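# Topology and contacts: notes
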Amino acid sequence: MFQSKFEETQIKERICHQYGLALGLAIIKVADKIHTSNSKLSYAQCSRKAIRWVFDTFTRERLQDLQNNK
């Protein structure tokens, strides 16, 4: 349990660092929902699904706005 929570925290930090705070938090929110509804998947798998979903769902302009914290 401790190891998975530690890995989850590292993944969340990496996402926010890579995509910016607002976009990162949007990805994390989606990843958390996926992880809650499908606990068989690791948090890393859920975060990859969330990243794909966010980039497929939002327009390029909206993604840029989120990355620029607007």
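Residues numbered from 1 in each chain as written. Predicted model: local features only at pLDDT ≥ 70, side-chain atom pairs only at ≥ 80, totals over all residues. Heavy atoms only, no water.

Each helix and strand in the protein chain was counted, giving 4 helices and 0 strands. Listing every helix and strand of the protein chain by position from the N terminus yields α-α-α-α. Computed over its C-alpha atoms, the radius of gyration of the protein chain comes to 12 Å, within 12% of the 11 Å expected for a compact globule of 70 residues. Oriented by its inertia axes, the alpha-carbon framework of the protein chain measures out at about 40 × 20 × 15 Å. Across the 70 residues in the protein chain, those meeting the buried criterion constitute 31%. Each charge class in the protein chain was averaged separately, 12 positive and 7 negative side chains, and the resulting centres sit 4 Å apart. (Helix = DSSP H or I, 4+ residues; strand = E, 2+ residues; numbered from the N terminus. Rg over C-alpha atoms; globule rule 2.2 N^0.38 Å. Buried < 20%, exposed > 50% of the residue type's maximum accessible area, 1.4 Å probe, protein only. Lys, Arg positive; Asp, Glu negative; His and termini not counted. Charge placed at Lys NZ, Arg CZ, Asp CG, Glu CD.)

Ranked by internal contacts, the top residues of the largest apolar core, which has 18 residues, are Ile-15, Tyr-19, Leu-23, Ile-27, Ile-34, Ala-50 and Val-54. Breaking this core down by element, the ones donating at least two residues are helix H1 (2-19), helix H2 (21-37), helix H3 (43-57) and helix H4 (60-67). Top contributing element to this core by residue count: H2, with 6 residues. Residue contacts for Ile-27: discarding those within four places in its chain leaves Ile-15, Tyr-19, Ser-47, Ala-50, Ile-51, Val-54 and Phe-55. (Core = buried A, V, L, I, M, F, W, Y, C linked by side-chain atoms within 4.5 Å. Contact = heavy atoms within 4.5 Å.)

By themselves these figures say nothing about function.
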